[in-house]
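Each chain, written out:
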Amino acid sequence: MTYDFAKRWMRMVTLLVGMTFVAFPLYWMFMTALTPRSELFKPPYQLLRTSYSLQNIEELFSATQFLTFMTNSLIVAFGAVVINVIAATLAGYALSRFNFRFKNLFVASTLWTYMFPPILLVIPLYIIFSAIGFRNTYTGLILAHVSISLPLNIWIMWQYFQIVPVSLEEAAWTSGASRLRALWEVCLPSALPGIISTAIFAFALSWNDFSFAFILQTDTSMYTLPVGLATFVEQSAIHWGLIMASSLLVSIPTFGLVIFLQRYLMQGFGLGR
Amino acid sequence: MAIGPALILLVATAYLPIAFALTLGFFHRTAFDPRMTWAGLANFSWLLHQPDLWAALWRSMVFTIGSVVFQIAFGLFFGLLLNKAILGRGLMRSLVILPYMLPTIVIGLVFNWILNPEFGVVNQILLQLSIVSRPVPFFGGLHTAMPSMILVTGWQYGSFAALLILARLQSINPRLYEAARTCGAGTWRCFWDVTLPNLRSTLLLIAFLRGIWMFNKFDLIWIITQGGPLKATETLPIYVYRIAFEDFNFGRASAACLLMFAILLAVSVVYFRYFSPTKEIEVGR
Amino acid sequence: MKKSSRFTRRGILKSGLAVGAGLAAPRIISRRAFAMDAKKVVFVSEESSPAAQAIYDAINKDFLAKTGITVTMEYPGFDKIDQRVATLIAAGTPAELVWYGDGSAMEVALHKQLAPVDDLVKELNIPENLRLVVDGHDRSIATSQQFVYGWYRSDLYEKAGEAPYKDWDSYLAVAKKLNNPPNQYGNLVPSSQKGASHLLMQTMMQKNDAHWFTFDTAKNDYVVSLDSPGNIDKVIETLDFLHHAHDFSPEAANYSWGDLMSQYFTGRVANSYYVGARLLQQVEKNAPDIAPATKPISLPANKSDSYYISVQGFHVGEGSNVDGAKEYVKFFMNHPDYIKWLHSVPLHIIPAKRETLHSKAYQDNPEIQKRMDVLNFIDSIWGKGKPSYYWDGDKLNPYVGLYENENLGGWMLAERNIAGRDSKSIIQEAAAKIRKKQADYIASNKG
């Protein structure tokens, strides 16, 4: 009894130490966001403070197009997630269940696209997208983001479908369900952690992307968050307060989304854990 | 078929641009002149004679292996600990995932801010606790820049590993653990004989995918150190960027990209052959 | 399981097809694929402060009303504008107008991508020393300039009973006296391969009559003279001076312009420098308590008294809507809001012409009135500086990009102050680098 308790206690302590490493930069980011501009450069700083100032956040909304950037980022990320989940799930399923002629080549080629350094992709992508009229549009940017995240997600979904035994599906087929129905009702719940992971990765890759958004979106009103944040650097003078405030405002909904999603990661085998 | 949508998307958005970018390596092409003259292997031979290229390659190796190891350790640490039922597990999981969701520019600037030797809070704490006598120039020191860079990418991408490991751990049949316990296995043996083999394919996948991503990593390093100080953090992507946008020679930059691509291709061939990631784990049949 | 051999064969076939498609692509998408629209002007501006943006919007509205031409603005940011310009040209859609530094524009001009603007330069009476002549034609319409000069904390000087420095020795002496790390630093010597360090080295070389190139009349071209006898001693002297000064500075091994300013905001620095007065403007915003004591001063001179000038102006893209662009420039320079535009970063964007500096319209601005000392200072050092491409001779030096693009001056400082190498070997290596690049450049231009 005591041994068990000591083990749990040790686990908690180790975890907390690790969490400090993860959480401290976030904590400091938030503290800085709530620091008035005039105090920003006056070290030493107090680690725990009760005073706060909303000056930076006010400036963020009044003086910048922060909301526009945020909206654009959300639209593009949402599009990228939807396309990624659908295409990756289908592809991952096919890879794990079927054996077709070009299978190895397809798998390898998805990997090749993932391997290619994105920095040099920007110019060809710019030329091609300009030619087909996708420059400075939501569609164009969504497609560009899909191109970097899809290969990765196909691999992940393939991995997760491998875990789902075919016997479960076979049971569904003998009960008269079509292949698609079996996929929907049997495989998907088991592979749900994989799908959630796919969604998170697609979201993160799209949300964080700077290079493609910078090259493809030329109008300030179409900028996504990372590109918009870069404009807070006014010819090498960094508006620290604005950057920190925007990071605070970006993190809160993201944090909420993540808390909501991570619950679904727990559903593993469907054995009622 | 089912592959259909994925295939079409990839061809349009990835294969074509890549093909175009790859062929640039065989031409003389500067940024400002859209004319392209055939160069054959001239760009490649120029590249291979640059000591900077080899130095950048070495640094890329160090950075890639260092960050992948760190991220896997990070992932194992949090994956294993957050797998068991603990108070506040949901909250902690979310906190661990959060760094991955933040824009790179924010992370770059925040760490620049925190680790600044003159007015960064970390140095303030270190000095107050008398751990060091002078501020540590994390990104400015010749020997501390690379480790600091690995630390920051580890912080940002460690959650990728944690996420995959956590999801995989959730899928391990608990009966396997029960069976091991009844045979008298302790915690360590359980880990070694039950957890690790099931994690094997996931860990390999993480190492492979993260390895590629870190090898190609550009934005974070550029934002924080731009390859400095004195090229201490100049990895291959930074080197390529300088050729493309400081020397304005796209032909040579493409050739360097081709080299990077070839290296990763070689690694992937080895990965497929020796580590058989497609070998599936027998699951409760 | 079918494995490697099939994969490789098919893979090669597929890549072959892809390569073929890739080779064909550039020919399919020809350079002028996008029809030049006479009713559109794309204007890429380096200056993106909110005040400047508001003025651009106002002027563009008037321009649209007068000529029916729509002006689209792009603000890629200070450190990304070169990349943006290169991308636009590479994609066959050059921007009509780019407003940024002539140093960067020179690169583009040498690649024959800037349209000649001789007519506008004559019409608008641009001062002689701010012209950029490449291949026999003007390529830039200068609107403004910045100089590299020093800023110091008069209150810290008074507290220590010191007078501002006059030459190299007194500079080092006063920096030493005011140096009390970590609470106070005598000065700031950023030592990294970045713009802030490079311009410091460049300016101090101009204060010591040290050159990068010399015009060789026999070859009728510029040759690298960084390590030639007679010049190398002056460069060594400069590098050693800055090394000595670095003793009274934080290590600053990766400082950019932003870090240089941030460090000054902490209030712990007695002497700094900047390429203009943006430092003062940012101090007013971030550390208003030390703003009144922040005063301008010329960096100390030794064998010569020059300084680095950074010229900004309009540049017209070759192959774009050149007529629309030129009309816009004329409209802009004659618009009453031109003065307001100069005021968007007061005292930092210095007008190209001295008369404008003295004009009542320009001086009628509360921030300028508050700091007339800065305006008088600028007036007192007017005309003493030179852009880097005219420092080594009267003829334009087309090779300055070879060392400026990679901030070689900053590299030298980093090698001296961070890696601790001796000056002579650093300078010789730098000279060798530039020579190699120059040979490379000349060879590839012949082809």
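Visitor: What is the right way to look at the overall build of chain A in this model?
Guide: For chain A, the count of helices and strands is eleven helices and two strands. The order of α-helices and β-strands along chain A, N terminus first, is α-α-α-α-α-α-α-α-α-α-β-β-α. Structurally, chain A occupies a C-alpha span of about 70 × 70 × 30 Å along its principal axes. Taken across its 273 residues, chain A has 51% of its residues classed as buried. Looking at chain A alone, contacts between residues at least 24 apart form 80% of all its contacts between residues at least 6 apart.

Visitor: Teacher, can you tell me more about the overall build of chain B here?
Guide: Per the secondary structure count, chain B includes twelve helices and two strands. In terms of principal-axis extent, the alpha carbons of chain B reach across some 70 × 60 × 30 Å. For chain B, the proportion of its 285 residues judged to be buried stands at 54%. Intrachain contacts of chain B at a sequence separation of at least 6 include 69% that bridge at least 24 residues.

Visitor: Would you take a moment to explain the packing of helix 8 (residues 195–206) of chain C against helix 9 (residues 232–246) of chain C for this structure?
Guide: When two helices pack together, their arrangement is captured by the angle between the axes and the distance separating the axes. All names here are of chain C. Two elements in contact, helix 8 and helix 9, have axes separated by 10 Å at closest approach and are oriented at 130°. What the angle tells us is that helix 8 and helix 9 run oblique. At the point where helix 8 passes helix 9, the crossing takes the right-handed sense. Residues Met201, Met204 and Met205 of helix 8 form the contact with helix 9, whose own contacting residues are Val235, Thr238, Phe241 and Leu242. Across the contact of helix 8 with helix 9, the residue classes break down as six nonpolar, one polar and no charged.

Visitor: Help me understand the pairing of strand 8 (residues 213–216) of chain C in this model?
Guide: Residue and element names in this part refer to chain C. Both strand 8 and strand 9 (residues 221–224) contribute to a ladder of four bridges, which runs antiparallel. Bridge pairing links Thr214 to Val223 in strand 9. Once strand 8 ends, the chain turns through four residues before running back antiparallel as strand 9, passing Asn220 with a positive phi of about 55°.

Visitor: Even after reading the chapter, I still don't get the nonpolar core, so can you show me in this structure?
Guide: Buried together is how nonpolar side chains tend to be arranged in soluble globular proteins. Counting residues in each nonpolar core, the largest one holds 307 residues, and the members touching the most others are Val240 of chain B together with Leu97 of chain C. Setting aside residues no more than four positions away along its own chain, Val240 of chain B makes contact with Pro117, Ile119 and Leu120 of chain A together with Ala253, Ala256 and Cys257 of chain B.

Visitor: How do you make sense of the sheet that holds strand 10 (residues 271–274) of chain C when you look at a structure like this?
Guide: Backbone hydrogen bonds are what pair the strands of a sheet, in a parallel or an antiparallel way. Residues and elements named next belong to chain C. Ordered in space as 10-7-11, the three strands form an open sheet in which the pairing is antiparallel. If you trace the sheet from one side to the other, it starts and ends with strand 10 and strand 11 (294–297), each paired once. On average, each strand axis in the sheet is tilted by 35° relative to the strand beside it, whichever way the strands run.

Visitor: Help me out: how do you make sense of the interface of chain B and chain C in this one?
Guide: For an interface, size is often stated in terms of accessible area lost upon the parts coming together. Facing the 32 residues of chain B at the interface are 34 residues of chain C. For the side of chain B that touches chain C, the element with the highest residue contribution is helix 1 (residues 4–24) of chain B, accounting for six residues. Of the residues contributing to the side of chain B that touches chain C, the split by class is 19 nonpolar, nine polar and four charged.

Visitor: I'm lost on the interface of chain A and chain B in this one. Help?
Guide: At the junction of the two partners, chain A supplies 82 residues and chain B supplies 74 residues. If you list the elements that add at least two residues to the side of chain A that touches chain B, you get helix 1 (2–33), helix 3 (66–97), helix 4 (103–115), helix 5 (122–131), helix 6 (138–163), helix 8 (179–208), helix 10 (225–230) and helix 11 (240–262) of chain A. A total of 13 residues in the side of chain A that touches chain B trace back to one element, the largest contributor, which is helix 1 of chain A. Grouping the constituent residues of the side of chain A that touches chain B by class yields 61 nonpolar, 18 polar and three charged.

Visitor: Would you mind showing me how to read the confidence of the model for chain A here?
Guide: Low-pLDDT portions of the prediction should not be read for the details of their coordinates. Residues and elements named next belong to chain A. When pLDDT is averaged along chain A, the result is 79; 93% of the residues meet or exceed 70. For chain A, strand 1 (residues 233–234) is the element with the lowest average pLDDT, namely 64, and helix 3 is the one with the highest, namely 88. Every residue in residues 267–273 is under pLDDT 50, and counting partners more than four places away or in other chains gives twelve contacts.

Visitor: Please explain the domain arrangement of chain A as it appears in this structure.
Guide: If you check the domain split of chain A, you get domain 1 (2–58) and domain 2 (64–231). On a C-alpha basis, the centres of domain 1 of chain A and domain 2 of chain A stand 34 Å from each other.

Visitor: Help me understand the sheet that holds strand 12 (residues 309–316) of chain C, please; the structure alone is not making it clear to me.
Guide: All names here are of chain C. Strand order in the open sheet made by the six strands is 2-1-3-12-6-13, with mixed pairing throughout. If you trace the sheet from one side to the other, it starts and ends with strand 2 (70–74) and strand 13 (350–351), each paired once. As paired elements, strand 1 (residues 40–45) and strand 2 share five bridges and run parallel to each other. Bridging from a neighbouring strand, Val41 pairs with Val71 of strand 2. Where helix 3 (residues 81–90) meets the sheet, its contacts fall on strand 1, strand 2 and strand 3 (97–101), and the angle it forms with strand 1 comes to roughly 150°. Its contacts with the sheet place helix 4 (residues 102–110) against strand 3 and strand 12, and it is angled at close to 125° to strand 3.

Visitor: Is there a simple way to explain the packing of helix 7 (residues 145–170) of chain B against helix 9 (residues 187–215) of chain B in this structure?
Guide: Residues and elements named next belong to chain B. Orientation of helix 7 relative to helix 9, taken along the N-to-C sense of each, is 155°, at an axis distance of 10 Å. As the angle between them shows, helix 7 and helix 9 are arranged roughly antiparallel. The two elements helix 7 and helix 9 meet at a crossing, and its hand is right-handed. In contact with Thr153, Tyr157, Phe160, Ala161, Leu164, Ile165 and Arg168 of helix 7, helix 9 contributes Asn198, Leu199, Thr202, Ile206, Arg210 and Met214. For the contact of helix 7 with helix 9, the class distribution of residues is eight nonpolar, three polar and two charged.

Visitor: When you look at unusual backbone geometry in this model, what are you seeing that I'm missing?
Guide: All names here are of chain C. Positive phi, normally seen in glycine, also occurs at Asp209, with a value near 55°. As for its position among the elements, Asp209 is in the loop between helix 8 and strand 8. Judged by local crowding, Asp209 falls into the partly exposed class, with 15 C-beta atoms found within 10 Å. Positive phi is not limited to glycine here, since Asn407 has a value of about 50°. With respect to the helices, strands and loops of the structure, Asn407 is situated in the loop between helix 19 (400–404) and helix 20 (408–417).

Visitor: Please explain helix 7 (residues 168–177) of chain C as it appears in this structure.
Guide: Along an α-helix, residues three or four apart share an orientation, since each turn contains 3.6 residues. Residues and elements named next belong to chain C. Among the residues of helix 7, Trp168, Tyr171, Val174 and Ala175 are the ones counted as buried. Each buried residue of helix 7 sits inside an arc of 135° when the element is viewed along its axis, so together they form one side. Along its buried surface, helix 7 packs onto helix 9 and strand 10.

Visitor: What is the right way to look at helix 4 (residues 89–101) of chain B in this model?
Guide: End to end, helix 4 of chain B covers 19 Å across 13 residues, agreeing with the expected 18 Å (1.5 Å per residue, within 8%). Along helix 4 of chain B, the residues classified as buried are Met92, Arg93, Ser94, Val96, Ile97, Pro99, Tyr100 and Met101 of chain B. Residues of helix 4 of chain B that are buried in the fold lie against helix 1, helix 8 and helix 11 of chain A together with helix 3 (51–81) and helix 7 of chain B.

Visitor: Got a minute to help me understand the pairing of strand 3 of chain C in this structure?
Guide: Two faces belong to every sheet, and in a regular strand the side chains alternate between them. Residues and elements named next belong to chain C. The buried count for strand 3 comes to five of five residues, which makes it a mostly enclosed element. By the bridge criterion, five bridges tie strand 3 to strand 12 in an arrangement that is antiparallel. Pairing of Gly101 across the sheet is with Gln312, part of strand 12.

Visitor: Explain the environment of Lys39 of chain C here, please?
Guide: All names here are of chain C. Examined against the element boundaries, Lys39 turns out to sit in the loop between helix 1 (4–28) and strand 1. For the pair Lys39 and Lys177, spaced 138 residues apart in sequence, the C-alpha separation works out to 62 Å. The residues contacting Lys39, other than those within four sequence positions of it, are Gly68, Ile69 and Thr70.

Visitor: Can you walk me through the environment of Leu24 of chain B in this structure?
Guide: Residue and element names in this part refer to chain B. On the secondary structure map, Leu24 appears in helix 1. On the basis of neighbour count, Leu24 is assigned to the buried category, with 25 C-beta atoms found within 10 Å. In sequence terms Leu24 and Ala179 are 155 residues apart; their C-alpha atoms lie 59 Å from each other.

Visitor: What exactly am I supposed to notice about the confidence of the model for chain B here?
Guide: Looking at chain B, the pLDDT average stands at 82 and 92% of residues meet or exceed 70. Listed scores for the predicted complex are pTM 0.84 and ipTM 0.81.

Procedures and definitions
Residues numbered from 1 in each chain as written. Chains lettered and ligands numbered in written order. Predicted model: local features only at pLDDT ≥ 70, side-chain atom pairs only at ≥ 80, totals over all residues. Helix = DSSP H or I, 4+ residues; strand = E, 2+ residues; numbered from the N terminus. Buried ≥ 20, exposed ≤ 12 C-beta atoms within 10 Å, placed from the backbone. Contact = placed C-beta atoms within 7 Å. Axes fitted to C-alpha atoms, helices over the stretch in contact; angles between N-to-C directions. Parallel < 35°, antiparallel > 145°, perpendicular 65-115°, else oblique. Left-handed = near helix turned anticlockwise from the far one by under 90°. Nonpolar A, V, L, I, M, F, W, Y, C, P; charged D, E, K, R; others polar. Pairing = 2+ DSSP bridges. Core = buried A, V, L, I, M, F, W, Y, C linked by C-beta atoms within 7 Å. pLDDT = per-residue confidence, 0-100. Domains from an automatic or database assignment. Arc of directions from axis to C-beta. Expected span 1.5 Å × (residues − 1).

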